Structures are given as C-alpha cells and as structure tokens.
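Notes for the structure review
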Amino acid sequence: MKRKIFTLTILVLLTSMMWGQSFFSPLTGDLPEIADARLMALGFSAWGDAGSAAALLSNAALTGLSKAKLSLVTGVNAFSIKEKRSFPVQDSFGDFIADNTYVLNQNWYPDFHLGINARLLARMRLSLLLNHSNVHDFRYEEEIRGSLYGEYNRDPLVGNNRLYQRYSTLTTSAGLAYNPFKSLWLGVAFNQIATDQSEQKYEIQVIEKSDYQESDVTISYLAEPKFETVITSNIGLVFDLTRHLSLAASYRFPYETVQKGGLLFLVNDMTQSLPAMAIDSSFTIEQVTRRQPGELRLGLCLKPVNIIPTRLFFEIVFQNWEKASAKYIIKSDADSNKIPANFSDTPIPYRNVTKFHLGIEHVFLSGVPFRLGFYYDPNPIDASMDRNWFTAGTGYQIGNFNLEVSGAFTTSEYEYQDLFPVTAEKRVEFDKVRERYLVGMLTLRYDF
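Residues numbered from 1 in each chain as written. Predicted model: local features only at pLDDT ≥ 70, side-chain atom pairs only at ≥ 80, totals over all residues. Heavy atoms only, no water.

1. Regarding the overall build of the protein
- A count of helical and extended segments in the protein gives 3 helices and 21 strands.
- A globule of 448 residues ought to have a C-alpha radius of gyration of about 22 Å, and the protein, at 24 Å, matches this closely.
- Considered along the principal axes of its C-alpha atoms, the protein spans approximately 75 × 55 × 30 Å.
- Taken across its 448 residues, the protein has 50% of its residues classed as buried.
- If you take every contact in the protein between residues at least 6 apart in sequence, the share linking residues at least 24 apart comes to 70%.
- Across the protein, the centroid of the 43 positively charged side chains sits 13 Å from that of the 48 negatively charged ones. (Helix = DSSP H or I, 4+ residues; strand = E, 2+ residues; numbered from the N terminus. Rg over C-alpha atoms; globule rule 2.2 N^0.38 Å. Buried < 20%, exposed > 50% of the residue type's maximum accessible area, 1.4 Å probe, protein only. Contact = heavy atoms within 4.5 Å. Lys, Arg positive; Asp, Glu negative; His and termini not counted. Charge placed at Lys NZ, Arg CZ, Asp CG, Glu CD.)

What follows is the structure, given as structure tokens:
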C-alpha cells in the first residue's frame with residue numbers, strides 16, 4: 001500500500017512537470033526560487049530546505065538541521081506556462097459578444113541542481129550547491145491572418161509575429177552553519193550567479209502584404225546581452241524556542257546586476273499602469289544596471305503533540321521593492337533619433353510586498369509523508385498580477401536513499417496592451433492575458 005500511494009502521487013505530479021516565465025519575469029524574477037522538492041510541497045517555505053544544501057539560497061542556518069554526516073542531493077524540475085491572449089468581440093451596438101483568443105503559447109523548460117552537505121566538526125556544517133535556473137524564458141508566437149472580406153473573417157496566413165527572451169543562470173553557492181549551543185544555529189552563504197545563456201529576438205515575418213501587419217517587409221532583430229557575474233549573500237539563524245516551537249530568520253542583502261547590450265527593455269510608461277516594452281533595434285543602449293531589493297524572512301515551525309507526527313510551517317517574507325532601480329547608459333555616439341520612441345528611464349513605481357507561506361506535513365504510520373502548502377505571492381509591479389499558489393508533495397525512503405516529489409499550481413489574469421499593435425485593426429485598447437503555471441520537481445538524496 002505504501003508503494004502504491006507513492007507511485008500514484010508521482011504519476012499525478014509528473015503530469016504537471018512544466019513551467020515557464022511570464023512577460024514581466026526580467027523585472028521581478030517572477031517565480032519562486034527552488035532547489036528542493038520538499039520546499040515546494042510546503043508552500044515554497046524555506047523550512048522545506050531544512051538539512052539540505054538548497055537552504056543556501058534562502059537561510060544558510062537551515063543546512064545545520066541534518067542528522068547525517070554527509071548528504072548528497074540531486075534533483076530535476078521542469079517549468080511551463082500556458083499563456084492565452086484575447087480581446088472582446090463586440091456587435092454593431094458595442095455590446096460584448098465573446099472573448100476572441102488570438103494567440104495561445106505553451107512551453108516547458110527543464111532545470112537541475114546538485115548539492116552536498118557535510119559535517120566538518122561536531123558543531124559546524126559546510127554546504128555546496130550548483131543550481132541551474134531559467135530565470136526568464138518567454139516565447140511568443142502569433143499567426144497573422146488576412147481578411148478576405150469583413151473585419152473578423154480571417155483565413156489566409158500572411159505572416160508571423162515572434163518575440164523571444166531567454167535568460168538562464170548557473171548559481172554556485174557555498175555556506176557554513178555553526179551551532180554555538182544546542183538550540184541555536186547560525187549560518188552564512190555566498191551565491192555566485194553567472195549567465196548560462198542569454199538571447200533576445202523580435203521578428204515580424206511577412207509572407208504576404210496585409211493591412212493586419214506592422215510592416216510590409218520582414219524585419220528581424222537578434223541580440224545576446226552580456227551579464228556580469230553577481231555575488232549575493234544571506235545570513236540567518238534557527239532557534240528552538242521550546243521543544244515544540246522553532247523560529248527561523250534570515251536576510252538577503254540587496255545586490256546589483258549589470259547588463260551590457262540588449263534589444264528588449266521593459267520601461268515605465270506614464271500612460272499605463274504596467275511597464276511597456278521598448279525595442280532598441282539600433283542598439284543605442286550600452287548598459288543597464290539594476291538594483292535588486294533586500295529580502296527579510298521570518299518563519300515558525302510548530303511540532304504539536306500528535307500520534308501521527310505532524311509539523312506546521314509558517315513564513316513571512318518582506319521585499320523592499322521601493323528601493324529597486326535601473327540606471328541606463330546610452331552610447332556616446334548614438335543618434336538621439338534612433339533611441340526607441342517609447343523609451344523612458346523614469347523609475348518604474350514598484351511597491352513593497354509581503355509574502356506568506358503556509359505548509360503542513362503529516363508522516364503516516366507507513367512512513368510516507370504527505371505535504372500540502374499555500375503561497376500568497378503579491379507582485380511588486382501591480383496588484384492585478386498577484387498569485388495564489390497551491391502545492392503538494394510526498395516522499396519515499398529506501399535505506400539511505402530518500403526520494404522527494406512535489407508539484408505546484410497557480411493562475412494569473414491581467415490586462416495588457418497588444419505586443420504587436422496594428423493601426424488597421426479596430427479593437428479595445430487592452431488584451432486580456434490569462435496565464436496558467438504548473439511545476440513539478442523530483443529530488444533524490446543519499447545520506448552517509
């Protein structure tokens with residue numbers, strides 16, 4: 001029965017092992033940072049990283065909560081987003097008829113991580129982690145149909161609109177956890193983030209001339225921005241208040257990213273509530289330096305007296321986005337007329353956000369854990385893009401091997417302008433964008 005439950009859980013979660021990033025991912029990171037399946041299952045709470053090298057990304061002190069002398073961990077995850085864009089169709093009296101879905105994109109991207117957690121001394125642990133992450137991988141493809149007659153009777157394929165933005169990183173992390181006395185762990189971690197791949201593309205492919213395209217000829221721009229290596233750090237602690245209640249706290253320091261070159265930039269638009277896309281087809285922008293906010297985490301773990309071992313997890317995360325900024329440097333010899341018409345270096349009005357993580361873990365008499373989680377994920381750009389995540393997971397242990405599996409789901413809906421507007425087309429100003437996120441992860445650990 002134990003194996004049947006675990007096998008069924010894996011099959012259910014593997015059907016959702018997909019994910020990607022939304023249009024605004026370059027600005028906010030967009031998706032939770034994960035390197036452990038248990039963390040995802042517990043509502044993306046850092047408590048899920050307890051005893052794992054993956055805790056180096058959030059709270060290094062949690063790496064100390066391991067009973068093994070040495071732990072090796074590896075994991076894979078796959079991310080996807082299903083994006084649907086539509087606009088309302090109206091009759092001759094201006095009344096709503098239906099939403100016209102004119103583009104549907106769905107992609108998935110794999111990631112992996114490797115880690116080691118070793119006991120150096122009786123009260124000290126060293127952890128190392130290698131984590132690959134698709135920070136941003138947005139692919140937009142739109143078929144353009146001509147009109148034989150009338151405004152909405154479209155059939156012939158006259159062209160394609162394409163927008164690609166890819167940015168993946170390799171993060172190498174190292175950290176120490178120290179246990180000065182029985183109930184307290186202190187930790188520090190350093191993370192080196194290096195670009196693995198970066199590419200941007202903007203293309204209007206013309207198969208046949210049409211009023212429903214922005215251009216009469218095919219145009220295609222391609223750029224490979226360069227990102228300087230970044231070092232981030234965090235400090236943290238874990239303190240047992242009582243036998244049944246523990247406190248965790250950590251702080252990730254603010255840091256800066258430097259991008260050299262590029263084609264697509266999200267900038268402030270004073271007439272819109274959301275940032276607009278500026279296309280630098282003449283490559284006049286030499287460099288952009290972005291300041292990322294600090295992050296404060298506070299969490300509680302409750303271990304009530306129960307026949308079935310149970311743990312309750314709560315975590316609150318505060319991010320000071322009002323301190324985020326972007327500084328642009330234009331090439332000294334650039335023609336001012338070639339700077340994107342909608343480019344603006346006016347700061348985007350971010351808002352500070354407070355995130356909430358909830359998780360529960362039951363370990364049945366069979367030894368199989370069952371985990372559920374919830375994550376309230378407010379967006380620093382606009383409240384219309386806030387998300388509610390629902391997560392679940394389980395695990396299975398054979399000897400020194402421990403296999404964890406988890407999945408998560410959320411949706412998002414907001415209004416945004418057409419990415420490829422056409423003057424000949426009569427429709428409302430904003431599209432309705434619906435996004436569906438699914439994610440799955442497998443983590444395998446071996447304890448010595």
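2. Things to note about the pattern of salt bridges
- A complete count under the given rule lists 17 salt bridges for this structure.
- Between E143 and R145 there is a salt bridge, with the nearest N and O atoms lying 2.8 Å from each other.
- By relative accessible area, E143 is classed as partly exposed at 46%.
- Among the residues examined, R145 registers a relative accessible area of 30% and is labelled partly exposed.
- Ionic pairing is found between D377 and K355, a salt bridge with its closest N-O pair at 3.3 Å. Residue D377 is found in strand 18 (residues 369-377), and its partner K355 is found in strand 17 (residues 353-363); the two are separated by 22 residues along the sequence. In this structure, D377 and K355 share a single accessibility class: buried.
- Through salt bridges that share partners, R38, E361, R371 and E404 make up one connected network. (Salt bridge = Lys/Arg side-chain N within 4 Å of Asp/Glu carboxyl O.)

3. Here's the deal with the layout of surface pockets
- Its boundaries defined by the atoms lining it, the largest pocket holds a volume of some 1500 Å³.
- Around the largest pocket sit 48 residues that line it, and R38, A50, L65, K67 and R311 are the ones nearest its centre.
- Mapped onto the lining of the largest pocket, the elements with two or more residues apiece are strand 5 (184-206), strand 8 (230-240), strand 15 (310-319), strand 17, strand 18, strand 19 (387-398), strand 20 (401-417) and strand 21 (430-447).
- Its residues assigned to classes, the lining of the largest pocket shows 16 nonpolar, 17 polar and 15 charged. (1 Å grid on protein atoms, 1.4 Å probe; cavity = no way out; pocket = protein on both sides within 12 Å on 5 of 7 lines; lining within 4 Å. Points joined across faces, edges and corners; volume = space filled by probe spheres on them. Nonpolar A, V, L, I, M, F, W, Y, C, P; charged D, E, K, R; others polar.)

4. Some thoughts on a nonpolar patch on the surface
- Together, L241, L300, F314, F356 and L358 make up an exposed nonpolar region whose accessible area comes to about 380 Å².
- Following the sequence through the fold, L241 ends up in the loop between strand 8 and strand 9 (245-252).
- On the basis of relative accessible area, L241 is assigned to the partly exposed category, the value being 42%. (Patch = residues over 30% accessible without salt bridge, like charges linked within 9 Å, V, L, I, M, F, W, Y side chains within 5 Å. Areas by Shrake-Rupley, 256 points an atom, 1.4 Å probe, with all protein chains shown as cover.)

5. Some points on the pairing of strand 14 (residues 295-302)
- Residues E295, R297, G299 and C301 point to one face of strand 14 and are all buried, whereas L296, L298, L300 and L302, pointing to the other face, are not buried.
- By the bridge criterion, 8 bridges tie strand 9 to strand 14 in an arrangement that is antiparallel. Looking at the pairing, A249 lines up with L298 of strand 14.
- Where strand 14 lies against strand 15, 8 bridges are found, and the strand directions are antiparallel. Across the sheet, residue L298 finds its bridge partner in strand 15, namely I316. (Pairing = 2+ DSSP bridges.)

6. Description of the nonpolar core
- F23, F24, Y140, L163, Y202, Y414 and Y416 are the most contacted members of the largest nonpolar core, which totals 29 residues.
- For this core, the secondary-structure elements that each account for two or more residues are strand 2 (96-121), strand 3 (124-147), strand 5, strand 11 (264-267) and strand 20.
- Discounting chain neighbours no more than four positions away, the residues touching Y140 are E83, R85, Y102, V103, N105, N161, R162, L163, Y164, L419 and F420.
- Within the second largest apolar cluster, 14 residues are counted, among which are L31, F79, Y375 and M441. (Core = buried A, V, L, I, M, F, W, Y, C linked by side-chain atoms within 4.5 Å.)

7. Thoughts on the environment of F265
- Along the chain, the position of F265 falls in strand 11.
- Placed 11 residues apart in sequence, F265 and A276 show a C-alpha to C-alpha distance of 8.2 Å.
- F265 has contacts with Q259, A276, M277, A278, D280, I285, V288, R290 and Y328, leaving out every residue within four places of it along the chain.

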